[in-house]
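Remarks on the overall topology
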Amino acid sequence: MSLRYSVLASGSTGNATFVCTDKVKVLVDAGLTGKQLEKLLQQIGEGAENLDAILVTHEHSDHVKGLGVLARRYHIPIYANSKTWTEIDRLCGQIETEQKFQFERDKVIKLEDLEILSYGVSHDAIEPMAFCFHYQGKKLSLSTDMGYVSEKIKDTLQDSDVLIFESNHDVEMLRMCRYPWNTKRRILGDTGHLSNEAAGEALVDIISDRTRKVYLAHLSKDNNMIDLARMTVQQTLEHHDIGVGHGLTLHDTFPDKPTKLTAV
C-alpha cells in the first residue's frame, strides 16, 4: 500500500498529474485534449475510465482543455472551488450537476483513504489553488502557477516528502523573447509565474530533512530549458548548503510524456 504519482504532462502547453492509492485514483487538472490524456494514462498503465475524481486548480486552458470531454465520456466527479466553477461552466460545456463538487480554498476533503488539502496561490485566475496529498504519514505537494511564494505557502509545503514545484522561466530568456511587453510583465508579476531563480530561493525555505524528491514543473516552452531549470535550481540549493544527488534529488517533467509512476 502506497501513495503513488506521475506528472503526466507539465508546461505551457498543458498540465495534468495523476495521484493514487490502492483505493482511489485522482487526476489534478486536465489541460490537454481528452485523447491525449487517455494516451498519457495508458503509458503509466492506467485508464481514464478508472478515475474517481478530477481536481481543478484554476480555469486556464492549459489546465482544463480536456476536462469537459473526460467528464462527459467517463462521468467522473469534478472538484473545484465555487468561483472556478463559474468559469468551468463557461469554458468546458455541459457537465452534469451530480458530477459537480465544491472544494474551496484552505479546506480538506477525504476521498477514500486519501486526504487532500487545498490552498490558495497567487496567479491571474479567478481563484487559483493547489493541493497537498496526505496518506499514511506521507505528503505529496503540488504547487504551480504562482507569481510568488508567500510565507503561508512555504509553511503549507513544509515537511513534504515529494514536491512538484513550478520553475517556469529564465528571466533573461523571457526579457529577450518576442512576447509583447504586457505579456512579459504579466509573467514576471506577482500573479504570473515563478522563474528558475525564484523557485530555487523558495525551495531553500521549503525543503526539509523529509524531502526526497523535487520535480521542476510548468516550464515555459519558449523561455526555459529543462537543463537550465535544473542547473539554476540546483546551484541555488547548493549555495545554501542543500546538497542534491543523495538524499534529495531533482527531477524533470515534460510537456508530452509522463514521469514514471512512483511511490512517495
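You'll find the structure just up there.
This report concerns the structure included in the present document. Within each chain, residue numbers correspond to sequence positions counted from 1 in written order. Per-residue local features are limited, in this predicted model, to residues with pLDDT of at least 70; the limit for side-chain atom pairs, both in listing and counting, is 80 or more; totals at the level of whole chains, interfaces and linings are taken over all residues. The basis for every side-chain value is the complete set of heavy atoms in the structure, and neither hydrogens nor water enter the calculation.

Some details on the packing of helix H8 (residues 196–206) against helix H9 (residues 226–239)
Stated formally: As a rule, the C-alpha atoms of each element are fitted with a line to give its axis, helices using only the stretch in contact, and angles between N-to-C directions run from 0 to 180 degrees. Only DSSP runs of H or I covering at least 4 residues are called helices, and only runs of E covering at least 2 are called strands; the numbering of each starts at the N terminus. Note on convention: the crossing is left-handed when the near helix lies turned anticlockwise from the far helix by less than a right angle, right-handed when the turn is clockwise. Every residue pair with non-hydrogen atoms within 4.5 Å of one another is taken to be in contact. Under this grouping Gly is polar, as are all residues other than the nonpolar Ala, Val, Leu, Ile, Met, Phe, Trp, Tyr, Cys and Pro and the charged Asp, Glu, Lys and Arg.
At their nearest, the axes of H8 and H9 sit 8 Å apart, and the two run at 40° to each other. Read as a crossing pair, H8 and H9 show a hand that is right-handed. Residues Asn196, Glu197, Ala199, Gly200, Glu201, Leu203 and Val204 of H8 form the contact with H9, whose own contacting residues are Leu228, Ala229, Thr232, Val233, Thr236 and Leu237. Its residues assigned to classes, the contact of H8 with H9 comprises seven nonpolar, four polar and two charged.

Some words on the pairing of strand S3 (residues 25–28)
Here is the rule we go by: DSSP bridges decide pairing: two strands pair if at least two such bridges lie between them. If the strands point away from the viewer and the path from the first strand over the helix to the second runs clockwise, then the crossover is right-handed.
Taken together, the four bridges between strand S2 (residues 16–20) and S3 define a ladder with antiparallel strand orientation. Of the residues in S3, the one forming a bridge with Thr17 is Val28. Hairpin geometry of S2 and S3 is characterised by an intervening segment of four residues between the two adjacent antiparallel strands. In the sheet, S3 pairs with strand S4 (residues 53–55) via three bridges, with the strands oriented parallel. Note on S4: the bridge partner recorded for Val26 is Ala53. Once the chain exits S3 it traverses helix H1 (residues 34–43) before rejoining the sheet at S4, and the crossover so formed is right-handed.

Examining the pattern of salt bridges
Defined as follows: Whenever a carboxyl oxygen of Asp or Glu lies within 4 Å of a side-chain nitrogen of Lys or Arg, that contact is scored as a salt bridge.
Enumeration over the complete set of coordinates arrives at 14 salt bridges. Notably, a salt bridge pairs Glu38 with Arg73, separated by 2.7 Å at the nearest N-O pair. Here Glu38 is found in helix H1, whereas its partner Arg73 is found in helix H3 (residues 67–74), with 35 residues between them in sequence. Between Asp161 and Arg210 there is a salt bridge; the shortest N-O distance is 2.6 Å.

Quick word on H3
Heads up, the rule is: Any residue under 20% of the maximum accessible area for its type is buried, any over 50% is exposed, and the rest in between are partly exposed; the area is computed with a 1.4 Å probe on protein chains only.
Buried within H3 we find Leu67, Gly68, Leu70 and Ala71. Close packing links the buried residues of H3 with S3, H1, S4, helix H2 (61–64), strand S5 (78–80) and helix H4 (82–91). His75 sits one or two positions beyond H3 and adopts a positive phi of about 55°.

What to know about the packing of aromatic side chains
So the rule is basically this: Two rings belonging to Phe, Tyr or Trp (six-membered ring only in the last case) form a pair when the distance between their centres is within 6.5 Å. Interplanar angles under 30 degrees mark stacking, angles over 60 mark edge-to-face geometry, and anything in between is tilted.
If you walk through the whole model with that rule in mind, you get four aromatic pairs. On the basis of an interplanar angle of 85° and a centroid distance of 5.5 Å, the ring pair of Tyr5 and Tyr215 is categorised as edge-to-face. Residue Tyr5 is located in strand S1 (residues 4–9), and its partner Tyr215 is located in strand S12 (residues 213–217); the two are separated by 210 residues in the primary sequence. Each member of the pair, Tyr5 together with Tyr215, is buried.

What to know about H9
Counted only if it meets this: Expected span, for any helix, means 1.5 Å times one less than how many residues it has. An arc is given here, and it is the one of the directions from the helix axis to the C-beta atoms.
For H9, built from 14 residues, the straight-helix expectation of 20 Å at 1.5 Å per residue is met to within 8% by its first-to-last C-alpha distance of 20 Å. For H9, the set of buried residues is Leu228, Ala229, Thr232, Val233, Thr236 and Leu237. Each buried residue of H9 lies within a common arc of 160° when the element is viewed along its axis, so the set occupies one face. For H9, the secondary structure elements touched by its buried residues are helix H6 (171–176), H8, S12 and strand S13 (249–252).

Section: the sheet that holds S3
Strand order in the open sheet made by the seven strands is S6-S5-S4-S3-S2-S1-S14, with mixed pairing throughout. Across the chains shown, the open sheet's two edge strands, defined by having one partner strand only, are strand S6 (100–102) and strand S14 (262–263).

As for unusual backbone geometry
Phi at Gln136 takes a positive value of approximately 45°, unusual for a residue other than glycine. Tracing the backbone through its elements, the reader meets Gln136 in the loop between strand S9 (129–135) and strand S10 (138–143). Classification of Gln136 by relative accessible area gives exposed; the value is 58%. Positive phi, close to 65°, is recorded for Asp159, a residue that is not glycine. Position of Asp159 relative to the elements: it lies in the loop between helix H5 (151–157) and strand S11 (162–166).

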